[in-house]
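Analysis of the macromolecular model
In case you want the letters, here they are:
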Amino acid sequence: MKVIFLTASYATVYLIFLKFKGSYDRENDSFRVEFLLVPVAGLSFLENYDFTPLEILWTFSIYLESVAILPQLFMISKTGEAETITTHYLFFLGLYRALYIVNWVWRYHFEGFSDKIAIVAGVVQTIFFCDFFYLYFTKVLKGKKLSLPMPV
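Quick caveat: nothing in here was measured; it's all calculated off a predicted structure. Residue numbering note: each chain is counted from 1, following its sequence as written. With pLDDT at 70 or above as the cut-off, local features in this predicted model cover only qualifying residues; side-chain atom pairs require 80 or more to be listed or tallied, and sums for whole chains, interfaces and linings still use all residues. With hydrogens and water excluded, all non-hydrogen atoms of the structure serve as input to the side-chain values.

Structural notes on the nonpolar core
Ranked by internal contacts, the top residues of the largest apolar core, which has 13 residues, are Ile 76, Phe 132 and Leu 146. The way it works is that DSSP assigns letters per residue, a run of H or I at least four long becomes a helix, a run of E at least two long becomes a strand, and they are numbered from the N terminus. Of all the elements in the fold, those that place two or more residues in this core are α4 (70–79), α5 (84–111) and α6 (116–138). At five residues, α6 tops the list of elements feeding residues into this core. Nine residue types can take part in a nonpolar core, namely buried Ala, Val, Leu, Ile, Met, Phe, Trp, Tyr and Cys, and a core is a set of them joined through side-chain atoms within 4.5 Å. Between buried and exposed lies partly exposed: a residue is buried under 20% and exposed over 50% of the maximum accessible area for its type, with that area taken using a 1.4 Å probe on protein chains only. In terms of nonpolar packing, the next biggest core, distinct from the first, is built from seven residues, Leu 36, Tyr 63, Val 67 and Ala 121 among them.

What follows is the structure in structure tokens.
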């Protein structure tokens, strides 16, 4: 399974940086990722289960995943719209994370296992998706393009 995941990840990076390089919207991509990376790195050093390099890196990846959608949501809010394929992708990405909550409830109920770092990060990420879910259900599923009301 990890081989499939790594292959899919490398293929995605290839497609983004080589094949579809011309579709990159440099003008609207003004999100400063350091505003995510620095706090996430700091938090991973402060809140982890064991102060070892691997544990800190794992915690960093969990925290980063919880906020990784923010640049895309920022881009949508800045441009005021998103293509249909992008909205479907974001919906299923958010649904995937929301289903993790079901998994955590299941594991806690039947195995007595809970991972507080993963649960908090997953809930935070799902909260970031809530506004997008609302727009997805009220616009995209009705056949309309996702467009946000732009301030005048």
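A few points about the side chain of Thr 126
As for its position among the elements, Thr 126 is in helix α6. Note on Thr 126: relative accessible area 12%, which makes it buried. For this analysis, residues touch if any pair of their heavy atoms sits within 4.5 Å. For Thr 126, the contacting residues outside a window of four places in its chain are Arg 97, Ala 98 and Ile 101.

Quick look at a nonpolar patch on the surface
For patch building, the residue pool is restricted to those with more than 30% relative accessible area and no salt bridge; the joining distance is 9 Å between like charges and 5 Å between nonpolar side chains (Val, Leu, Ile, Met, Phe, Trp, Tyr). Calculation of accessible area relied on Shrake-Rupley with a 1.4 Å probe; when residues are assessed, cover is drawn exclusively from the protein chains displayed. A pairing counts as a salt bridge when a side-chain nitrogen of Lys or Arg comes within 4 Å of a carboxyl oxygen of Asp or Glu. A cluster of nonpolar side chains, contributed by Val 13, Tyr 14, Leu 15, Ile 16, Phe 17, Leu 18 and Phe 20, occupies part of the molecular surface with about 720 Å² of accessible area. Within the fold, Leu 18 resides in helix α1 (residues 2–19).

A look at the packing of aromatic side chains
Centres within 6.5 Å make a pair out of two Phe, Tyr or Trp rings, where for Trp the six-membered ring is used; the pair is then stacked when the planes are under 30 degrees apart, edge-to-face when over 60, and tilted otherwise. Counted by the stated rule, this structure contains 13 aromatic pairs. Aromatic pair Phe 91 and Phe 133: ring centres 5.6 Å apart, planes at 75°, arrangement edge-to-face. With a gap of 42 residues between them, Phe 91 in helix α5 and Phe 133 in helix α6 connect regions that are remote in the sequence. Classification of Phe 91 by relative accessible area gives buried; the value is 11%. Judged by relative accessible area, which is 15%, Phe 133 ranks as buried. Both rings, one in Trp 106 and one in Phe 110, keep their centres 4.2 Å apart while their planes meet at 45°; by these two values the pair is tilted. You can see Trp 106 and its partner Phe 110 sitting in helix α5, four residues apart, about one turn around the helix.

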